[in-house]
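A closer look at the structure
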Amino acid sequence: MRLAIVWTILRKELVESLRDRRTLVRLVVVPLLLYPLFALAMSKLVGFEADAREARPSRIAVWGELAEDLQTRLSAAGKIELAPWAGAPPDVREGLLSGALAPPAGPAPAPDEGEAPPPEAEPPRWIEPENPVLAAARAAVSERKVDAVLVPWPSLGAELGRGGKGAVAIYFDSVRADSATAEARLEGALRRARRAIIANREVERGLPEGFSRAFDVVPRDVAADSRKVGQILGAMMPMLLILMSLLGSFLPAIDLTAGEKERGTMQTLLCAPVRPIEIISGKFLAVWVISLLTALGNVVSMSLTVSRLLPDAMVVGPGTFALTFVLLVPVTLLFSALFLALAVFAKDFKDGQNALMPAYLPLSLLAGITALPVVELNPWTAYAPVLNIAVLIKALFVGEAPADLLFTALVSSALYACLALLFAARVFERESVLLGGHESARAVLGLGRRAGGVPSTGFSLAAFAGVQVLFFYGSLLIARASVAVQLAVSQVGFFLVPTLALVAGFGYSPRASLGLRAPAVRGVAGALLLGVSAWAAIGGTVLRWFPAPEPFARELGELVLLGGQPYPVVLLLVAVTPAVCEELLFRGLVYAGLRRAGPAVAIVVSALLFGLAHGSVYRLLPTFSLGLVLGYARHRTGSVLPGALLHALNNGLAVSLLYFKPSWGQGVIEGELLPWSITVAGMVVSLAGLLLLRFSAPGAPEPDDSPRP
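Residues numbered from 1 in each chain as written. Predicted model: local features only at pLDDT ≥ 70, side-chain atom pairs only at ≥ 80, totals over all residues. Heavy atoms only, no water.

1. Brief notes about the overall build of the chain
Secondary structure summary: the chain contains 27 helices and four strands in total. If you take every contact in the chain between residues at least 6 apart in sequence, the share linking residues at least 24 apart comes to 74%. Of the accessible surface of the chain, which amounts to about 35500 Å², a share of 66% is contributed by carbon and sulfur atoms. One finds the centroid of the 60 positive side-chain charges in the chain at a distance of 11 Å from the centroid of its 55 negative side-chain charges. (Helix = DSSP H or I, 4+ residues; strand = E, 2+ residues; numbered from the N terminus. Contact = heavy atoms within 4.5 Å. Areas by Shrake-Rupley, 256 points an atom, 1.4 Å probe, with all protein chains shown as cover. Lys, Arg positive; Asp, Glu negative; His and termini not counted. Charge placed at Lys NZ, Arg CZ, Asp CG, Glu CD.)

Here's what the structure looks like:
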């Protein structure tokens, strides 16, 4: 791919897009003006309405006879206007006065003694059955004759007079703001009146103050202001930002593909001496830049708007908004690549909108459900496309973004973006599609069976992404099994079986794709030396400069011992099984595809994917370093077997140290740094192993990459 051609296409597309006033309005004017104007208008409107509602007295209909003392207290409460029998139908009034209408049976009282019932045993919310009083009160409030209806049931006066307990009902409409305010005022006034009546009764009977209440319960909210503000912002910001990022790539993707077909310039571009990958790269970067600028404009505008509206409660710092923008990068990559790949199937601009809407709507809904309080960042949502970034932004604003879940969400988003890019590149390789022709989905996606050879780079990366998603959600499904079962099932079921199935299912050569060939003796000797020393060299250097938290290291140490399983079982599941399953995937299938881009790219990228697959930010550097060594062994020997030997020895020695706890290694086991003497010794032996690999000659040349006819 010629970067100069890509840059030329990118510059051309950006210039043409930014010439369009609508694009500039969408990028600059909308985010900079819309949020401040909308927020200011809404705050003024809500403020005026709240002030006006607070100043208005509540009109309360009283359907029944209030005790004189109670009526006096309610009248003196302020902003409560009592309207006897207002809106009451004659039959209801007659029934209440005569005592024919009694209060309906309420919910069962909560138990006073014993333990609280479990949450799943809580009764459903009580709903008053239909009755004449309820129907009449609903009509009076709905027709806005009154704000609320107070019903002192017929026995109230008699019960208060003899020192008993009466019943009062408040009917209001929670949807109507005036009615909800009336209910709050009325309930507060009644609560104060009840407190005064109880105090009088205690004085009359010579009881100490508080005799009837025993103790007061005062809830204390421990949530800091930052969490309260963050909760409000986190409920709406993810949806708004992701929707605007969607729009940022939606129209440019259509214009740069279907629009070019409609204008007849796509054919001209294809006639030029440029490769399809250069065209897709230039167009993709142009769409992505516009989408990214849209996201940036919206984040900046929102941060300024929030700081202007909430100057006193502005406890969400600029760093949170900056990190929010960083999180939108993989989302914009995903949207740009996906929309570009779909829009290329359309014949004109209108057809492009129809092609993208089926993808636009589900993505919008995934962002929208973040507003639900129950949708939070957890292991299940961390791998859901789009939703993971939305809940991660929400968690950032609330201040609850664990490092491991943040890492998982970013890795999964990068995977989905990579898949979308591969899909877009695959589509742009089909010139018939670019020119408006039709091909089957099987042909476009390259799902046909091959006749030998090794997979392409795109296939290997897509295979890794699929296996990783399978591994992640499969591991969650078996999370309740023992650690030994989890490890065995995840390695064999989620790594080994999919790897072999992909190679066999697509017809690739198992020997060439998985590196199944006999290595040279020097290669085996080098792997042997690295296997016994790499743990000391990497552990004594990488972990010295980037140590994992002590609780994480202790938990990992306990985990690999598999809950006290016998040593042979631990060795089999922690050393041998990963060495076989992971090497066939990473130094077999993945490496074989990446090798087309050169050995350096294959070694580094396969090591990076190997580190990311371990699912922890604290293990990334050590596993990446080990992956580099394993990839080098694969490169120099042309075989996966030395890497498997190295991997098994490395894991086996580490787990043996934890299992037998020798006296000389007690400090290391308890979290101390590896002594420099052991580190240097490990580095010397590792260097010898690398030299043996360097001068190791593969037993036979690497098999041909091209499939057989």
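Now that the structure is up, let's keep going.
2. Section: the layout of surface pockets
Its volume calculated, the second largest pocket comes out at about 1300 Å³. Elements with a minimum of two residues in the lining of the second largest pocket: α5 (132-142), α6 (156-161), β4 (168-171) and α7 (177-204). Top contributing element to the lining of the second largest pocket by residue count: α7, with nine residues. (1 Å grid on protein atoms, 1.4 Å probe; cavity = no way out; pocket = protein on both sides within 12 Å on 5 of 7 lines; lining within 4 Å. Points joined across faces, edges and corners; volume = space filled by probe spheres on them.)

3. Thoughts on the sheet that holds strand β2 (residues 80-84)
Taken together, the four strands give an open sheet; going across it, the order is β2-β1-β3-β4, and neighbouring strands pair in mixed fashion. For this open sheet the edge positions go to β2 and β4, each flanked by a neighbour on one side alone. The sheet shows a mean angle of 25° between the axes of neighbouring strands, taken without regard to direction. Pairing geometry for strand β1 (residues 58-62) and β2, over five bridges, is parallel. Across the sheet, residue I60 finds its bridge partner in β2, namely L82. (Pairing = 2+ DSSP bridges. Axes fitted to C-alpha atoms, helices over the stretch in contact; angles between N-to-C directions.)

4. Focus on the pattern of salt bridges
Counted by the stated rule, this structure contains 18 salt bridges. A salt bridge links E187 to R191; its shortest N-O distance comes to 3.9 Å. Of this pair, E187 and R191 both sit in helix α7, four residues apart, which is roughly one turn of that helix. On the accessibility criterion, E187 (36% relative accessible area) is partly exposed. Notably, a salt bridge pairs E583 with R587, separated by 2.7 Å at the nearest N-O pair. Within this pair, E583 and its partner R587 are both found in helix α22 (residues 567-594), separated by four residues, close to a single helical turn. Its relative accessible area of 1% is what places E583 among the buried residues. Look at the salt bridges and you will find they share partners, linking K12, E13, E16, E260 and K283 into a network. (Salt bridge = Lys/Arg side-chain N within 4 Å of Asp/Glu carboxyl O. Buried < 20%, exposed > 50% of the residue type's maximum accessible area, 1.4 Å probe, protein only.)

5. Notes on the confidence of the model for the chain
Scored by pLDDT, the chain comes out at a mean of 83, with 91% of its residues at no less than 70. Predicted confidence is poor over residues 705-709, with pLDDT under 50, and the contacts of this stretch with residues over four places away or in other chains come to eleven contacts. (pLDDT = per-residue confidence, 0-100.)

6. Things to note about the environment of A463
Tracing the chain through its elements places A463 in helix α17 (residues 457-477). Sequence spacing of A463 and L419 is 44 residues, and the spatial spacing of their C-alpha atoms is 9.6 Å. With residues near it in sequence (within four places) discarded, A463 still touches L502 and L589.

7. With respect to empty space enclosed by the protein
Tallying each qualifying case throughout the model produces one cavity of 30 Å³ or more. For the largest cavity, the calculated volume is near 30 Å³. Going through the elements one at a time, α11 (318-343) and α14 (403-428) are the ones with two or more residues in the lining of the largest cavity. Broken down by element, the residue count for the lining of the largest cavity peaks at three residues, all from α11. Taken together, the residues of the lining of the largest cavity break down into six nonpolar, one polar and no charged. (Nonpolar A, V, L, I, M, F, W, Y, C, P; charged D, E, K, R; others polar.)

8. Focus on the packing of helix α2 (residues 21-55) against helix α8 (residues 225-263)
Where α2 contacts α8, the axes come no closer than 12 Å and their chain directions differ by 155°. Classified by the angle between their axes, α2 and α8 sit roughly antiparallel to one another. Every pair of crossing elements has a handedness; the one defined by α2 and α8 is right-handed. On α8, the residues touching R26, V30 and Y35 of α2 are M244, L247, L251 and P252. By residue class, the composition of the contact of α2 with α8 is six nonpolar, no polar and one charged. (Parallel < 35°, antiparallel > 145°, perpendicular 65-115°, else oblique. Left-handed = near helix turned anticlockwise from the far one by under 90°.)

9. Some words on the packing of α17 against α22
Axis angle and axis distance: for two packed helices, these are the angle between their axes and the distance between the axes, and together they describe the pair. Following both chains from N to C, one finds α17 and α22 inclined at 145°, their axes separated by 6 Å at the closest point. Every residue of α22 that contacts α17 at T457, F459, S460, L461, A463, F464 and V467 is listed here: L585, F586, L589, V590, G593 and L594.

10. Regarding the UniProt feature "domain: CAAX prenyl protease 2/Lysostaphin resistance protein A-like" (unreviewed entry) in the chain
Those places that UniProt annotates as "domain: CAAX prenyl protease 2/Lysostaphin resistance protein A-like" (unreviewed entry) correspond, in this numbering, to residues 568-652. Structurally, residues 568-652 is divided into 85% helix and 0% strand, and its ends, taken at the C-alpha atoms, are 10 Å apart. (UniProt positions renumbered as here; feature names shortened; annotations may be inferred.)

11. Topic: the side chain of E13
For E13, the location among the structural elements is in helix α1 (residues 3-19). For E13, a relative accessible area of 1% corresponds to the buried category. At a separation of 2.7 Å, a polar atom in the side chain of E13 contacts the side chain of K283. Aside from chain neighbours lying at most four places away, what touches E13 is L256, E260, K283 and A286. (Polar contact = N/O pair within 3.5 Å; in protein donor to acceptor, adjacent residues only side chain to side chain.)

12. Some words on a nonpolar patch on the surface
Taken together, the side chains of V25, V28, V29, L32, L33 and L37 present a nonpolar region at the surface, about 500 Å² in accessible area. Position of L32 relative to the elements: it lies in helix α2. (Patch = residues over 30% accessible without salt bridge, like charges linked within 9 Å, V, L, I, M, F, W, Y side chains within 5 Å.)

13. A look at the packing of aromatic side chains
This model, assessed by the stated rule, comprises 18 aromatic pairs. Here the aromatic rings of F250 and F339 are separated by 5.8 Å at their centres, their planes lie at 85°, and the arrangement is edge-to-face. Of this pair, F250 sits in helix α8 while F339 sits in helix α11; the two residues are 89 residues apart in sequence, bridging distant segments of the chain. Each member of the pair, F250 as well as F339, is classed as buried. Both rings, one in F321 and one in F397, keep their centres 5.4 Å apart while their planes meet at 80°; by these two values the pair is edge-to-face. On the criterion of sequence distance, the pair formed by F321 in helix α11 and F397 in helix α13 (residues 387-398) is long-range, its members being 76 residues apart. Each member of the pair, F321 as well as F397, is classed as buried. Among the aromatic residues, ring-to-ring pairing joins F464, F471, F495, F586 and F610 into one connected group. One residue, R694, lies across the ring of F695, its end atom 5.8 Å from the ring centre. (Phe/Tyr/Trp six-rings, centres within 6.5 Å; stacked < 30°, edge-to-face > 60°. Lys NZ or Arg CZ within 6 Å of the ring centre and 35° of its normal.)

14. Quick notes on the pairing of strand β3 (residues 148-152)
Burial runs high along β3: five of the five residues are buried. Covered by surrounding structure in β3 are A148, L150 and P152 together with V149 and V151, the residues of both alternating faces. The pairing of β1 with β3 spans three bridges and is parallel. Bridged to V62 within β3 is L150.

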